[in-house]
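So you can see what is in the structure, the chains are spelled out below.
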Amino acid sequence: MKVSIIGQGYVGLTISVFAAEHHDVIGFDKNQGVVDALNAGRSHIEGVESADLSKWVGSGRYKATTSASEIAGSDVVVIAVPTPLTKERKPDLSFVEAACRTIGENLKTPALIINESTSFPGTVRNLIKPEIEKYSGSSVAHMYAVSPERVDPGRTDWDQKSTPRLYAGLTPEASKAVHDFYSTFCDNLVEVSSPEVAEAAKLFENTFRQANIALVNEFAQIAHALGISVYETLDAAATKPYGFMKFIPSAGVGGHCIPVDPSYLADTAARVGVPATFIERANEVNLEMAAYVVDRVAADNGGSLKGKSVQVVGVAYKQNVADVRETPAELVIEELKKAGATVTWSDDLVASWMGEPSTPLGGSDIAVVVTLHSVTDSAAVLKSAPYVFDTTGKVKGAHSL
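Parameters at a glance
- Residues numbered from 1 in each chain as written.
- Predicted model: local features only at pLDDT ≥ 70, side-chain atom pairs only at ≥ 80, totals over all residues.
- Heavy atoms only, no water.
- Buried < 20%, exposed > 50% of the residue type's maximum accessible area, 1.4 Å probe, protein only.
- Helix = DSSP H or I, 4+ residues; strand = E, 2+ residues; numbered from the N terminus.
- Pairing = 2+ DSSP bridges.
- Right-handed = clockwise from strand over helix to strand, strands pointing away.
- Axes fitted to C-alpha atoms, helices over the stretch in contact; angles between N-to-C directions.
- Contact = heavy atoms within 4.5 Å.
- Polar contact = N/O pair within 3.5 Å; in protein donor to acceptor, adjacent residues only side chain to side chain.
- Core = buried A, V, L, I, M, F, W, Y, C linked by side-chain atoms within 4.5 Å.
- Arc of directions from axis to C-beta.
- Phe/Tyr/Trp six-rings, centres within 6.5 Å; stacked < 30°, edge-to-face > 60°.
- Lys NZ or Arg CZ within 6 Å of the ring centre and 35° of its normal.
- Parallel < 35°, antiparallel > 145°, perpendicular 65-115°, else oblique.
- Left-handed = near helix turned anticlockwise from the far one by under 90°.
- Salt bridge = Lys/Arg side-chain N within 4 Å of Asp/Glu carboxyl O.

Undergrad: Which residues make up the pairing of strand β5 (residues 112-115), and what values go with them?
TA: Along any regular strand the residues' side chains alternate between the sheet's two faces. Residues of β5 alternate between two faces, with L112 and I114 on one and I113 and N115 on the opposite face, all of them buried. Relative to β5, strand β4 (residues 76-79) is paired through four bridges, and the arrangement is parallel. Looking at β5, one finds that V78 is bridged to I114. In terms of handedness, the path from β4 via helix α4 (residues 94-106) over to β5 forms a crossover that is right-handed.

Shown next as structure tokens:
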């Protein structure tokens, strides 16, 4: 089949490479630099090897493009674009709407349209289908479905072939078509009764993580006030063989999913008249962790950070990836600057970020560890400053949550 995938980021490119083993894939993206690199066989994300990409480019099974007209004649179109939040932390579906316009204006033959972008229940039925029909006309009889992405950057034990995939179509015919497409490169397909169930399940998966991270972050503050180790306490609780799942405290949450998806669910709840107080509070706790960390660091350093030099170690949102989307390091740096500190950062995997380059480890009065990569020497981190505060619990001998 001819498969067009709208968006060539973490989700879109990952799907493109897996699909190219069985289909002819067009990867559409508006970023010319990204497209040029992809057509030269250079991957820009973790989890997609350049060698694999080069193989499909060389065989003609994959082509990246900025030309929307190249999706014409597609049998399947997958929407894999960002679904961020506005400055007011409300759902921003502008990328999805733009993808719908691209599809509607350029795809004039019937196809299967699948949304992988995370969004609130009803997105496929009430937004994507009407938006595409607005530009293509309702006479083009597309099938519509959802199969929410499950991409975890840097993970090697679960991939697009082995990770269970939810799916549902607006019609039984669409559901069958989705199954037939994904079964060519996914081993475990799980059909649910409606697109709304699949959409809600994706939001709840990450809201579950957000809420439990908030719980353990709040517990870390309680443990510190009690004068006991949060890490030892969690290890003790984890000896219970049932009814407990261990989460680790941190400087906050990052990536596209955990900081974002719960706000989509809370917005959905508000629209149907249900208060999402627990979800909203979990968001607040995790967003407030940066200020808590900086307050702890200041308290240990005479009550003020004014005029002190602070190096933030690790600005990626998680260990062993270069992904800085929604990284908690950004809020930590903001709080440090508010406190009057001069801030630099060092990350062995991130060369530049926010218009600044990574700096060599050391040379500051204080080091605050937000993310510790496996390639970063924890002993070197401990020696990098007279005072080291570690939010990961992995630098032995450092001050910690």
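Now that the structure is up, let's keep going.
Undergrad: Hey, could you go over the sheet that holds β4 for me, with residue numbers and the actual values?
TA: Reading across from one edge, β3-β2-β1-β4-β5-β6-β7-β8 is the order of the eight strands in this open sheet, with mixed pairing throughout. Two strands bound the open sheet, and with one partner strand each, they are β3 (62-65) and β8 (189-191). Taken pair by pair, the neighbouring strands of this sheet meet at an average axis angle of 25°, ignoring direction. Inspection of the sheet shows strand β6 (residues 143-146) paired to strand β7 (residues 165-169) by two bridges, in the antiparallel sense.

Undergrad: Hey, could you go over the sheet that holds strand β10 (residues 342-346) for me, with residue numbers and the actual values?
TA: Taken together, five strands build an open sheet; the order of strands is β10-β9-β13-β14-β15 and the sheet is parallel. Of all strands in the sheet, those bounded by a partner on one side alone are β10 and β15 (399-400). The sheet strands contacting helix α10 (residues 277-299) are β13 (366-369), β14 (387-390) and β15, and the helix crosses β14 at an angle near 155°.

Undergrad: Account for the side chain of T268, naming residues and giving values.
TA: In this structure, T268 sits in helix α9 (residues 261-271). One polar contact links the side chain of T268 to the main-chain carbonyl oxygen of Y264, over a distance of 2.9 Å. Other than its neighbours up to four places away in sequence, T268 contacts F120 and P121.

Undergrad: So what's going on with the nonpolar core? Which residues, and what values?
TA: Among the nonpolar cores identified, the biggest contains 38 residues, and V297, L305, V312, V332, L336 and L401 are the most heavily contacted of them. Only α7 (195-226), α8 (230-237), α10, β9 (309-313), α11 (328-338), β10, β13 and β14 provide two or more residues apiece to this core. The biggest single contributor to this core is α10, with seven residues. Sequence-distant contacts of L336, that is, excluding residues within four places in its chain, are made with V294, L305, V310, V312, A341 and V343. Among the nonpolar cores identified, the runner-up in size contains 35 residues, and I6, L107, F120 and A276 belong to it.

Undergrad: Describe α8, with residues and values.
TA: For α8, the complete set of buried residues consists of V230, Y231 and L234. Taken down its axis, α8 places every buried residue within 100° of arc, on the same side. Close packing links the buried residues of α8 with α7, β14 and β15. Its side-chain oxygen 3.2 Å from the backbone nitrogen of Y231, S229 forms the N-cap of α8.

Undergrad: Kindly report on the packing of aromatic side chains, identifying the contributing residues and their values.
TA: Evaluated as defined, the whole model comprises six aromatic pairs. Relative to F185, the ring of Y182 lies with its centre 5.7 Å away and its plane at 65°, an arrangement referred to as edge-to-face. Ring pairing ties together the aromatic residues F181, Y182 and F185, which thus form one cluster. Cation over ring: R165 sits above Y182, and NZ or CZ is 4.1 Å from the ring centre. The cationic tip of R271 hangs over the ring face of F120; the distance from NZ or CZ to the ring centre is 4.4 Å.

Undergrad: Give a description of the packing of α4 against helix α5 (residues 123-136) that names residues and reports values.
TA: Interaxial distance between α4 and α5 falls to 7 Å at its minimum, and their mutual angle equals 40°. Accordingly, the angle class assigned to the pair α4 and α5 is oblique. Handedness of the crossing formed by α4 with α5: right-handed. Only L127, I128, E131, I132, Y135 and S136 of α5 make contact with α4, whose side of the interface consists of V96, E97, C100, R101, I103, G104 and E105.

Undergrad: Tell me about the pattern of salt bridges, and name the residues and values.
TA: Any two side chains of opposite charge can pair, so long as their charged atoms come close to each other. Counted according to the given criterion, the structure contains 21 salt bridges. In this structure, R125 engages E196 in a salt bridge whose closest nitrogen and oxygen atoms are separated by 2.7 Å. In this pair, R125 is assigned in helix α5 and E196 in helix α7, connecting sequence segments 71 residues apart. Under the relative-accessibility criterion, E196 is labelled partly exposed at 21%. For the salt bridge of E131 with K134, the shortest nitrogen-to-oxygen distance reads 3.1 Å. You can see E131 and its partner K134 sitting in helix α5, three residues apart, about one turn around the helix. According to the relative accessible area criterion, K134 is exposed, its value standing at 53%. The network of salt bridges with common partners includes D152, R155, D157 and K318.

Undergrad: So what's going on with the pairing of β14? Residues and values would help.
TA: Side chains of β14 alternate between two faces, with Y387 and F389 and V388 and D390 buried alike. Bridging between β13 and β14 involves four bridges; their strand directions are parallel. Bridge assignment links V368 to a residue of β14, and that residue is F389.

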